[in-house]
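Listed below are the residues making up each chain.
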Amino acid sequence: MTSTDQAASVPQGFSPAPLERLPMMAPEAMSVAQRQAAEALIAGPRKAVFGPFIPLLRSPELMARVAKVGEYLRFDSVLEVRIRELVMCLVARHVSNQFEWLMHAPLALKAGVAQSVLDAVAAGKHPHSAAADETAAVDLVTELLAHHGVCNASYAAAWGVFGEQGVVELTTLVGYFAMVCWVMNVARTPGQPQPDLSALVAFPA
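All of the points below concern the structure found in this document. (Residues numbered from 1 in each chain as written. Predicted model: local features only at pLDDT ≥ 70, side-chain atom pairs only at ≥ 80, totals over all residues. Heavy atoms only, no water.)

Turning to the side chain of Asp133, a few remarks are in order. Among the secondary structure elements, Asp133 is positioned in helix H7 (residues 132–147). A relative accessible area of 16% places Asp133 in the buried class. A distance of 2.5 Å separates polar atoms of two side chains, one belonging to Asp133 and the other to Arg82. Look past the residues within four positions of Asp133 in its chain and what remains in contact with it is Glu80, Arg82, Ile83, Val161 and Phe162. (Helix = DSSP H or I, 4+ residues; strand = E, 2+ residues; numbered from the N terminus. Buried < 20%, exposed > 50% of the residue type's maximum accessible area, 1.4 Å probe, protein only. Polar contact = N/O pair within 3.5 Å; in protein donor to acceptor, adjacent residues only side chain to side chain. Contact = heavy atoms within 4.5 Å.)

Pasting the structure below:
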């Protein structure tokens, strides 16, 4: 339950001194509820308190409920892992969140997303994928993030690939990851550097 190592971390935000505002709490500073929430997170599939759960620990009941929603969306959703990881990268770039980008871009690549697609996402460009399911996901996600809704054509394309449950879970995944990214953006929760992966630059550059 240790805090992120500031010396080896990637700052969140692009101000001259984006210091972490809500760092990991020392165990002795936690309330009973906070310790119980942290222990439950460690016992689950995440195995640690990190990322958005560091600031969310200030509200332990909220953290526990957010964690359960995220646990389903990340590990049990009907969406294929490749699609989930691509969506998380799209959201991380949209809100310029270093933690989620540095965590999920390598996972997206490992799951089968093309390097050229991730490069386009990192640059803030519309990624063009040869995979029909990725195209449907990208169109729905980028339209949703830009306009807070989607047109009939984008909905129909996503529905044709993912079905009703998949569209609902895809939409919820966008909202969930935007939420936790916003929490980290406000808290300035840093990311962890990854080999051969650049941190996000300020957008637009």
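On we go.
What follows deals with the pattern of salt bridges. Applying the stated criterion across every chain, the model contains 5 salt bridges. The salt bridge involving Glu80 is made with Arg82; its shortest N-O contact spans 3.0 Å. Residue classification places Glu80 among the partly exposed positions, given a relative accessible area of 43%. Judged by its relative accessible area of 12%, Arg82 falls in the buried class. Here Asp133 makes a salt bridge to Arg82, at a shortest N to O gap of 2.5 Å. (Salt bridge = Lys/Arg side-chain N within 4 Å of Asp/Glu carboxyl O.)

Let us look at the packing of helix H5 (residues 98–111) against helix H6 (residues 115–122). With their axes 9 Å apart at the nearest point, H5 and H6 run at an angle of 155° to one another. The angle between H5 and H6 places the two elements in the roughly antiparallel class. The two elements H5 and H6 cross, and the hand of that crossing is right-handed. Along the contact surface, H5 presents Trp101, Ala105, Ala108 and Leu109, while H6 presents Gln115, Leu118, Val121 and Ala122. Per-class residue counts for the contact of H5 with H6 are 7 nonpolar, 1 polar and no charged. (Axes fitted to C-alpha atoms, helices over the stretch in contact; angles between N-to-C directions. Parallel < 35°, antiparallel > 145°, perpendicular 65-115°, else oblique. Left-handed = near helix turned anticlockwise from the far one by under 90°. Nonpolar A, V, L, I, M, F, W, Y, C, P; charged D, E, K, R; others polar.)

Turning to a nonpolar patch on the surface, a few remarks are in order. Residues Val150, Tyr155 and Trp159 make up a contiguous nonpolar surface patch of roughly 280 Å² in combined accessible area. Mapped onto the elements of the fold, Tyr155 is located in helix H8 (residues 152–187). (Patch = residues over 30% accessible without salt bridge, like charges linked within 9 Å, V, L, I, M, F, W, Y side chains within 5 Å. Areas by Shrake-Rupley, 256 points an atom, 1.4 Å probe, with all protein chains shown as cover.)

Here the focus is helix H3 (residues 60–75). Counted at 1.5 Å a residue, the expected span for H3 with its 16 residues is 22 Å, and the 22 Å between its end C-alpha atoms agrees. Taken together, the buried positions of H3 are Pro60, Met63, Val66, Ala67, Gly70, Leu73 and Arg74. One side of H3 holds all its buried residues, which, seen down the axis, span an arc of 135°. Turned more than 90 degrees away from the buried face of H3, the exposed residues are Arg65 and Lys68. (Expected span 1.5 Å × (residues − 1). Arc of directions from axis to C-beta.)

A few words now on H6. Where H6 is concerned, the buried positions are Val117, Leu118, Ala120 and Val121. Projected onto a plane normal to the axis of H6, the buried residues spread over an arc of 160° and lie on a single side. The inward-facing, buried residues of H6 abut helix H4 (81–94), H5 and H7. Positive phi appears at Gly124, one or two residues downstream of H6, with a value of about 80°.

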